[in-house]
Amino acid sequence: MTKGHAFVLGASGQVGRAAVRALVADGWEVTAASRSGGGACAADHGPEDDRWPEEVRSVRLDRNEEGALAAGIGDGCDVLVDIVAYDRSHARQLTGLVGRVGSAVVVSSGAVYEDDRGRSFDTQDEPDGFPAYPVPIPEEWPTVAPGDTTYGTRKIALERELLAAGGALPTTLLRAGAIHGPHCPGPRELWFVKRALDGRPVRVLAYGGRSRFHPAHVDNLVELVRLAAARPGSRVLNGADPQAPTVAEIGAAIDAVLGVESERVLIEGAPEGPGGLVGLTPWTAEHPVVYDMTAAERELGYRPVVSYADSLPETVEWLAGRVREREWREAFPGLVKYGVDWFDYAAEDAWLAARG
């Protein structure tokens, strides 16, 4: 006897594929919906990624096509897991299914928070724009205003619309941290992995290597999905790992996995060099970003599946295999979107030489 019918939207991506497998293992009848219609993430091409577990029903649909989601849902489902909801219009797609969907679990983002001076992820590129959040950030902390201009404002608009539905569509919103693990389209860990593989002897880190941007392993995030699917309710929960290591600690852990030793060069302040790229990493921030996980523990009985350090060997092996096969920009377009050359070794060497 199954727990019911779960419909996973965005099923072919990193989080979606893990959610499908976790829900199947937990006794759900699962429909996996994605634009590709298969089990493969766009960044992967192995034949093992093209097949779902035998019992999974696969559906090809693009939610942005008029009526596509409603048609894919058909007679309905007990829980709709939406990995790829980004704005108010997507929320209205879901609320338009009231009566056909029992509950929803929707992935949001920690990017919705703002500090007590109104600074957020949206302002971090402005002078004095780095937000200074409380550590850790509780779900009750203020958020940016809803809107259509940035990732954070779109995500909070999504949240507000879904929460307004209340009991008509009980929705768990998961404010994810920095998602990591195999099949990530924009893996931050590559900053260290590629340097180790390229034989770089130093790791230049801004802000004394103390930056913390709370990671969220895909398996921990999917454990929250699994628990929320079984316990419908209208709630907002953070989604992150049990630890929030500093960027220096992450680098040391990755070097250890790869069996290399490197010199750490610390900048006591912002990144330097041309374009402010020397010392910049995908985690770099002046103030720590750490999410409070006690609400998830209290409301869902959540316990993390894996620690950051214990997750690294699998992630590092996957990353190393990917960059051995192709140039990093081709392998990880999610890192390219930042408009940064994360591996400008010439700039690093020039800065180091000038430093003496």
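In every chain, residue numbers begin from 1 and rise along the written sequence. pLDDT decides what is reported in this predicted model: residues at 70 or higher carry local features, side-chain atom pairs at 80 or more are listed and counted, and totals for whole chains, interfaces and linings draw on all residues regardless. For the side-chain quantities, the full set of heavy atoms in the structure was used; hydrogens and water were omitted.

A.B. asks: Help me understand the pattern of salt bridges, please; the structure alone is not making it clear to me.
C.D. replies: Pairing is possible between side chains of opposite charge, provided their charged atoms come close. Salt bridges are defined as contacts in which a side-chain nitrogen from Lys or Arg sits within 4 Å of a carboxyl oxygen from Asp or Glu. In this structure the tally under the stated criterion is 21 salt bridges. Residue D148 is joined to R88 by a salt bridge in which the shortest nitrogen-to-oxygen separation is 3.4 Å. Residue D148 is located in the loop between β5 (101-109) and α4 (151-164), and its partner R88 is located in helix α3 (residues 88-95); the two are separated by 60 residues in the primary sequence. Throughout this description, buried means an accessible area under 20% of the type-specific maximum (1.4 Å probe, protein chains only), exposed means over 50%, and partly exposed covers the range between. The class of R88 is partly exposed, set by a relative accessible area of 22%. Note on conventions: DSSP H or I runs of at least 4 residues are helices, E runs of at least 2 residues are strands, and numbering of each starts at the N terminus.

A.B. asks: Just checking my understanding: could you explain the packing of aromatic side chains for this structure?
C.D. replies: Think of a pair of aromatic rings as described by two things: how far the centres are apart, and how the planes are tilted against each other in angle. Centres within 6.5 Å are what make two rings of Phe, Tyr or Trp a pair, Trp counting through its six-membered ring; a difference in plane orientation under 30 degrees is then read as stacked, over 60 as edge-to-face, and the rest as tilted. As enumerated under the stated definition, the model contains 11 aromatic pairs in all. With a centroid separation of 6.4 Å and 75 degrees between ring planes, the pair formed by F343 and Y345 is classed as edge-to-face. Here F343 matches Y345 in class, with each residue buried. Through a chain of ring-to-ring contacts, the aromatic side chains of F121, Y133 and F213 assemble into a single cluster. Throughout this description, the term charge over a ring refers to an Arg CZ or Lys NZ atom that lies within 6 Å of the ring centre and within 35 degrees of the ring normal. The side chain of R195 reaches across the aromatic face of W191, ending 3.7 Å from its centre.

A.B. asks: Looking at this model, I keep getting lost on unusual backbone geometry. Mind explaining?
C.D. replies: Leaving glycine aside, a negative phi is the common case for residues, and trans is the common case for peptide bonds. Cis peptide bonds are those with omega within 30 degrees of zero, and the linkage from V135 to P136 qualifies with -5 degrees. Note that P136 resides in the loop between β5 and α4. The backbone of D128 shows a phi angle near 55 degrees, a positive value even though the residue is not glycine. Position of D128 among the secondary structure elements: in the loop between β5 and α4. Here H183, not a glycine, exhibits a phi torsion of approximately 75 degrees, which is positive. For H183, the location among the structural elements is in the loop between β7 (178-180) and α5 (190-197). Residue classification places H183 among the buried residues on the basis of a relative accessible area of 17%.

A.B. asks: It is not clear to me how the sheet that holds strand β10 (residues 235-239) should be interpreted in this structure. Could you clarify?
C.D. replies: Strand pairing in a sheet takes place through backbone hydrogen bonds and is either antiparallel or parallel in direction. An order of β3-β2-β1-β4-β5-β6-β10 is seen for the 7 strands of this open sheet, with the pairing classed as parallel. Pairing within the sheet leaves two strands with one partner each, and these edge strands are β3 (57-60) and β10. If you compare each strand with its neighbour and ignore which way they point, the axes differ by 20 degrees on average. By the convention used here, strands pair only if DSSP detects at least 2 bridges between them. Looking at chain direction, strand β1 (residues 5-9) and strand β2 (residues 29-34) are connected through 5 bridges and run parallel. Note that in β2 the partner of V8 across the bridge is A32. Axis definition: a line fit to C-alpha positions, over the contact stretch in the case of helices; interaxial angles, taken between N-to-C directions, run 0 to 180 degrees.

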